[in-house]
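Here's the letter readout for the chains.
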Amino acid sequence: MVTIQQSTLHKKIAYGVEQAKSLSHSILVSASTKVDLIIDPVTFYEKGKNRTGKRTFWSTPSGDFVMVGIGNAYTFESNGGNNFEQVEKEWIELNENSVMEPKERVPGVGPVILGAFSFDPRKEKTKLWDSFPVSKMMLPQHLLTITRNEFWLTVNVIVQADTNVDEMAELLLTEQKNLCKDAYIPYKCSIGKEFIIEEVTKDEWIASVDTVAGQIRDKKIEKVVLAREIRVKSDFPFITEDILDRLRKEQPSSYIFALESGQDCFIGASPERLIKKEGAEAFTTCLAGSTARGTSEEEDARLGNELLEDQKNLHEHEVVVRAIRSAFEQGCDRVVIPEKPTLYKVRDIQHLYTPIVGKVKDTVSLLTLVEKLHPTPALGGYPRGEALRKIREIEDLDRGLYAGPIGWLDSSGDGEFAVGIRSGLLQGKEASLFAGCGIVGNSDPISEYKETQMKFKPMLSALGGSF
């Protein structure tokens, strides 16, 4: 089994310790190697269960790019706000004078932080999200990256002037070998357990949709996204690895993610990219307006065509495109947008879809773009400030990380964030699932309620059941 060579890691840690002595502060050491192993990412995640609370999972649509983080070398977190600028500043400082091997860059390999920011840090926090800070980005101790059909292993460690080089190198390599042992064996999830579903404040939510739709008709606001929660209860603990395995099989067109904190895990399968930065290019997605999938090709096509002609959904989508275009133009010199939306289909639902590409200005970072875009009208409403105030006023739910940015950032400033929808919060034998709808003037409360039921389906299926 070829993993990081002991001599290489030992040498890099030793050099990092010398740097720490010379500069009188801690130093990041990161060593990566391409390995001749086939590693199942969910099995790798499961093998890190002794680090529960310090594991992350990220997979892009089609699953051709996957990252799994085990352990925690460094954490950026805040309970006062999302602090995008502060995270970026600290991340840049951590990478200064760092020791990296190899020096050539492969996206997602080497020092990478993964995590999430809350939907609205100004909303009063409840006990539901006690295990999570308002924002949390983690630098994994061990990182598996699968990209371009290659498997990479990275070890990250912060060393001090008094770090014992021999002990640290031996500890990290032993941990890595244990994570990789038999990790080629595909993970097999257990049979789903029966559970009961509690609809949280259902009637109040339906009434709030009616209220907001009336306010929109009175021209007080243009669009508000209202979300709700269902609480799922089982006699057995929900197993994160089982849910990840089902999500990867059932939602291959979505971003699959998991972020642990304490004993809780935020997990989901989002169809929606918020922003991706790759060099000087940035990519975002407008995804708003939804309908069900059909039970046959003919019905599916009919439903899709009806969605493409539906004025309520087209208006909802146009609001999103308009706002994202404006945000993108602030951070990009050139923005390219198709004239009309197309359809984006996942297993249980299809959406109106418009991709946007821009050339990023030299002074603009990935987290700057995240801050400018979040929350888009597809997640919050429009205008943004008024919509957020309305959500704080009328929505009972503490969204926490739901509908917030979740993703990763590497040492070169590249990375990607999705929006944390089609998601749930696992808490032992219970889980909260979240879904929302864009409310406009002609929204029908019962239709919007049924749309949320459709949006709960991916996570309910991943838990092993359904409505």
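Above this note sits the structure.
Residues numbered from 1 in each chain as written. Predicted model: local features only at pLDDT ≥ 70, side-chain atom pairs only at ≥ 80, totals over all residues. Heavy atoms only, no water.

Caption draft 1: Representation of the overall build of the protein. When helices and strands are counted, the protein shows 11 helices and 23 strands. For a compact globule of 467 residues, the expected C-alpha radius of gyration is about 23 Å, and the protein comes in at 22 Å, within 12% of that figure. For the protein, the spread of C-alpha atoms along the principal axes amounts to about 70 × 50 × 40 Å. Burial statistics for the protein: of 467 residues in total, 58% are counted as buried. Of the roughly 19,500 Å² that the protein leaves accessible, carbon and sulfur atoms contribute 47%. In the protein, which carries 58 positive and 69 negative side-chain charges, the distance between the mean positions of the two groups comes to 1 Å. (Helix = DSSP H or I, 4+ residues; strand = E, 2+ residues; numbered from the N terminus. Rg over C-alpha atoms; globule rule 2.2 N^0.38 Å. Buried < 20%, exposed > 50% of the residue type's maximum accessible area, 1.4 Å probe, protein only. Areas by Shrake-Rupley, 256 points an atom, 1.4 Å probe, with all protein chains shown as cover. Lys, Arg positive; Asp, Glu negative; His and termini not counted. Charge placed at Lys NZ, Arg CZ, Asp CG, Glu CD.)

Caption draft 2: Up close: helix α8 (residues 311-331). For α8, built from 21 residues, the straight-helix expectation of 30 Å at 1.5 Å per residue is met to within 8% by its first-to-last C-alpha distance of 31 Å. Taken as a whole, α8 has its buried residues at K312, N313, E316, H317, V319, V320, V321, A323, I324, A327, F328 and G331. (Expected span 1.5 Å × (residues − 1).)

Caption draft 3: Structural view of helix α7 (residues 297-309). If you check α7, its first and last C-alpha atoms are 19 Å apart, about what 13 residues at 1.5 Å a residue would give, namely 18 Å. Buried within α7 we find D300, L303, G304 and L307. End-on, the buried residues of α7 take up no more than an arc of 100°, which puts them together on one face. The exposed set on the far side of α7, more than 90 degrees from its buried face, consists of E298 and E309. Summarising the contacts, the buried residues of α7 are in contact with β15 (281-292), α8, β17 (342-345) and β18 (349-360). (Arc of directions from axis to C-beta. Contact = heavy atoms within 4.5 Å.)

Caption draft 4: Structural view of the nonpolar core. The biggest cluster of nonpolar side chains holds 79 residues, and the ones touching the most others in it are W58, I275 and F417. If one sorts the elements of this core by residue count, helix α5 (residues 202-217) sits on top with six residues. Judged by nonpolar contacts, the second largest core, of 39 residues, contains V68, C180, I243 and L244. (Core = buried A, V, L, I, M, F, W, Y, C linked by side-chain atoms within 4.5 Å.)

Caption draft 5: Focus on the packing of α8 against helix α9 (residues 366-373). Contact pair α8 / α9: the axes reach a minimum separation of 9 Å and the direction vectors enclose 150°. Considered as vectors, α8 and α9 are oriented roughly antiparallel to each other. Classified by chirality, the crossing of α9 by α8 is right-handed. Mapping the contact onto sequence places I324, A327, F328, Q330 and G331 in α8 and L369, K372 and L373 in α9. Residues of the contact of α8 with α9, tallied by class, amount to five nonpolar, two polar and one charged. (Axes fitted to C-alpha atoms, helices over the stretch in contact; angles between N-to-C directions. Parallel < 35°, antiparallel > 145°, perpendicular 65-115°, else oblique. Left-handed = near helix turned anticlockwise from the far one by under 90°. Nonpolar A, V, L, I, M, F, W, Y, C, P; charged D, E, K, R; others polar.)

Caption draft 6: Quick peek at the pattern of salt bridges. The tally for this structure, following the rule as stated, stands at 32 salt bridges. The shortest N-O distance in the salt bridge between E46 and K49 comes to 3.0 Å. Within the structure, one salt-bridge network assembled from shared partners comprises R105, K277, D410 and D414. (Salt bridge = Lys/Arg side-chain N within 4 Å of Asp/Glu carboxyl O.)

Caption draft 7: Region of the structure containing the side chain of S78. Looking at where S78 falls in the secondary structure, it is placed in strand β4 (residues 74-78). By relative accessible area, S78 is classed as buried at 11%. A polar contact of 2.9 Å, which involves the side chain of S78, links it to the backbone oxygen of G81. When residues no more than four places from it in sequence are discounted, the contact partners of S78 are N83, P133, V134 and S135. (Polar contact = N/O pair within 3.5 Å; in protein donor to acceptor, adjacent residues only side chain to side chain.)

Caption draft 8: Inspection of the pairing of strand β12 (residues 255-261) at higher detail. Buried residues dominate β12, accounting for seven of its seven residues. Taking every second residue as pointing to the same face, both faces of β12 are buried, with Y255, F257, L259 and S261 on one and I256, A258 and E260 on the other. Pairing geometry for strand β2 (residues 55-59) and β12, over four bridges, is antiparallel. Across the sheet, T56 pairs through a bridge with L259, a residue of β12. Note that β12 and strand β13 (residues 264-270) share seven bridges and pair antiparallel. The residue bridging F257 from the neighbouring strand is G268, located in β13. If you look at the hairpin formed by β12 and β13, you'll find two residues sitting between the two strands, and G262 has a positive phi there, around 60°. (Pairing = 2+ DSSP bridges.)

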